Amino acid sequence: MTRTIVVHSHRGGTGKSSVLANLALLIAAGGRRVGVVDTDIHSPTLDLLFRLEPGFSLADYLLGRCEIEAAAQQAGAPGLYVVPARTGTAALRELMSTGYDVGLLPEGFDRLSRHLALDVLLLDTHAGLNNESVTAMASADVLMILARADRIDLCGVEETLALAGRLPCRRALVMSMAPAGVDRDEVGRRAEAAYDAPLAGILPYAPEMAALYGERIFAEAHPDHPLVGEFLTIISALDARDEVSRA
Ligand SMILES: Nc1ncnc2c1ncn2[C@@H]1O[C@H](COP(=O)(O)OP(=O)(O)OP(=O)(O)O)[C@@H](O)[C@H]1O
Ligand SMILES: [Mg+2]
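Rules behind the numbers
Residues numbered from 1 in each chain as written. Chains lettered and ligands numbered in written order. Predicted model: local features only at pLDDT ≥ 70, side-chain atom pairs only at ≥ 80, totals over all residues. Buried ≥ 20, exposed ≤ 12 C-beta atoms within 10 Å, placed from the backbone. Helix = DSSP H or I, 4+ residues; strand = E, 2+ residues; numbered from the N terminus. Pairing = 2+ DSSP bridges. Right-handed = clockwise from strand over helix to strand, strands pointing away. Contact = placed C-beta atoms within 7 Å. Near = placed C-beta within 6 Å. Nonpolar A, V, L, I, M, F, W, Y, C, P; charged D, E, K, R; others polar. pLDDT = per-residue confidence, 0-100. Arc of directions from axis to C-beta. Core = buried A, V, L, I, M, F, W, Y, C linked by C-beta atoms within 7 Å.

Looking at an unreviewed UniProt entry, the protein chain carries the name MinD/ParA family protein, with the source organism given as Streptomyces goshikiensis.

Peer 1: Is there a simple way to explain the pairing of strand β7 (residues 170-178) in this structure?
Peer 2: Sheet faces and side chains relate simply in a regular strand, where the side chains alternate between the two faces. The element β7 is largely enclosed, with a buried count of seven among its nine residues. Where strand β6 (residues 142-148) and β7 come together, seven bridges link them in parallel fashion. The residue of β7 that forms the bridge with Ala147 is Met175. The pairing of β7 with strand β8 (residues 199-204) spans four bridges and is classified as parallel. In the strand pairing of β8, Val174 is matched with Gly201. Running through helix α9 (residues 184-195), the crossover from β7 to the neighbouring parallel element β8 is right-handed.

Peer 1: Can you help me understand the environment of Gly35 in this one?
Peer 2: Assignment of secondary structure puts Gly35 in strand β2 (residues 34-38). Residue Gly35 is classed as buried on the basis of its 28 C-beta neighbours within 10 Å. C-alpha separation for the pair Gly35 and Leu118, spaced 83 residues apart in sequence, amounts to 6.3 Å. Here Gly35 is in contact with Ala72, Tyr81, Leu112, Ser113, Leu116, Leu118 and Leu121, once residues within four sequence places are set aside.

Peer 1: In this structure, what is going on with the site of ligand 1? I would like to understand it.
Peer 2: Lining the immediate surroundings of ligand 1 are 18 residues, of which Gly12, Gly15, Lys16, Ser17 and Ser18 lie closest. Breaking the shell around ligand 1 down by element, the ones donating at least two residues are α1 (16-29) and α10 (207-210). For the shell around ligand 1, the element with the highest residue contribution is α1, accounting for three residues. Of the residues belonging to the shell around ligand 1, the class tally is seven nonpolar, nine polar and two charged.

Peer 1: Quick question: what am I supposed to make of the confidence of the model for the protein chain here?
Peer 2: Close reading of the predicted structure is inappropriate where its pLDDT is low. Of all residues in the protein chain, 96% have pLDDT values of 70 or greater, and the mean over the chain is 90. Residue range residues 243-247 is modelled with pLDDT below 50. Its contacts to residues more than four positions away, or to other chains, number 23 contacts.

Peer 1: Looking at this structure, I do not really get helix α6 (residues 131-138). What am I missing?
Peer 2: Every α-helix carries 3.6 residues per turn, so stepping three or four residues along brings you back to the same face. Of the residues making up α6, those classed as buried are Glu132, Ser133, Ala136 and Met137. Across the axial projection of α6, the buried residues extend over an arc of 135 degrees, all falling on one side.

Peer 1: How should the environment of Asp150 be read in this particular structure?
Peer 2: By the element assignment, Asp150 lies in the loop between β6 and α7 (151-155). According to the C-beta neighbour criterion, Asp150 is exposed, with 12 such atoms within 10 Å. Sequence separation of Asp150 and Arg190 is 40 residues, and the distance between their C-alpha atoms is 9.6 Å.

Peer 1: Any chance you could explain helix α4 (residues 89-98) here in plain terms?
Peer 2: With zero of 10 residues buried, α4 lies mostly on the surface of the structure. The positive-phi residue at the C-terminal boundary of α4 is Gly99, with phi of around 75 degrees.

Peer 1: Please clarify how the nonpolar core should be interpreted in this entry.
Peer 2: When a protein is soluble and globular, its nonpolar side chains tend to lie buried together. If you look at the biggest cluster of nonpolar residues, it comprises 74 residues, and the most contacted ones within it are Leu23, Ala24, Val82, Leu122 and Met144. Looking at this core element by element, the count peaks at nine residues for α1. Here Met144 is in contact with Ile5, Val6, Val7, Ala172, Val174 and Ala200, once residues within four sequence places are set aside.

Peer 1: Looking at this model, I keep getting lost on unusual backbone geometry. Mind explaining?
Peer 2: What you tend to see is this: most non-glycine residues have negative phi, and most peptide bonds are trans. For Arg51, which is not glycine, the phi torsion reads 50 degrees and is therefore positive. Of note, Arg51 is situated in the loop between α2 (46-49) and α3 (58-62). The class of Arg51 is partly exposed, set by 13 C-beta atoms lying within 10 Å. In the Ramachandran plot, Ala117 falls in the positive-phi region, its phi being about 50 degrees despite a non-glycine side chain. Locating Ala117 in the fold gives a position in the loop between α5 (104-115) and β5 (120-124). Among the residues examined, Ala117 registers 10 C-beta atoms within 10 Å and is labelled exposed.

Below you can see the structure in the form of structure tokens.
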């Protein structure tokens, strides 16, 4: 049975795609079969982060040009398969002008999970609420919400929770890009109060991440960095079913 984990944030640039890529690599390195779908057709990232070859994408699948599994490329680690969102702006223009059947997304997630016998499916999303992110959330077993420890990110909570609170999934909250010296207990209290969900992890701001220029995935480049330890803590929290609350 595949476990579907959706990574979402209210605001952009919180680190969703970077965190997801690292979790995917680390989960696959632990021997599980992992699928990743970049549902962010507006500003995709994972094709670059995983250095995918040109080929079919989620957009091609949504436009009826291929089955979803034809868009999956093995990348990063054995047992890790990535479906990029789109490979150029032409597909996005076409999707915007012709539209697509949003029901193809959950059908595609199910088909990919079966076809590749996935243990875990990780879905990357565009920030905020839109067709793709909401549809991905509706497929989630666990909704992982990323937020920076500032009032503006935390204020996005009501909008996300107004929707996520009705979904039959569990929630895991991750604080992202925490500045050095941050009072972890204070951050935890503020975040848990705002999101009404237990904190699955606090990720420190790591200048080494910026210094990679998106050329490599952090856990590959800095396997011994404390940030990787935090990624592993989050994976344990996601696995330990009691540590995230039912929404
Ligand atoms: N813990 C961190 N420390 C320092 N930089 C980080 C950290 N996490 C992510 N970044 C950097 O922040 C930038 C944004 O990250 P990323 O693209 O993963 O965010 P995102 O939430 O997916 O953005 P978008 O909403 O545009 O999809 C990237 O340059 C990334 O390298
Ligand atoms: Mg992203």
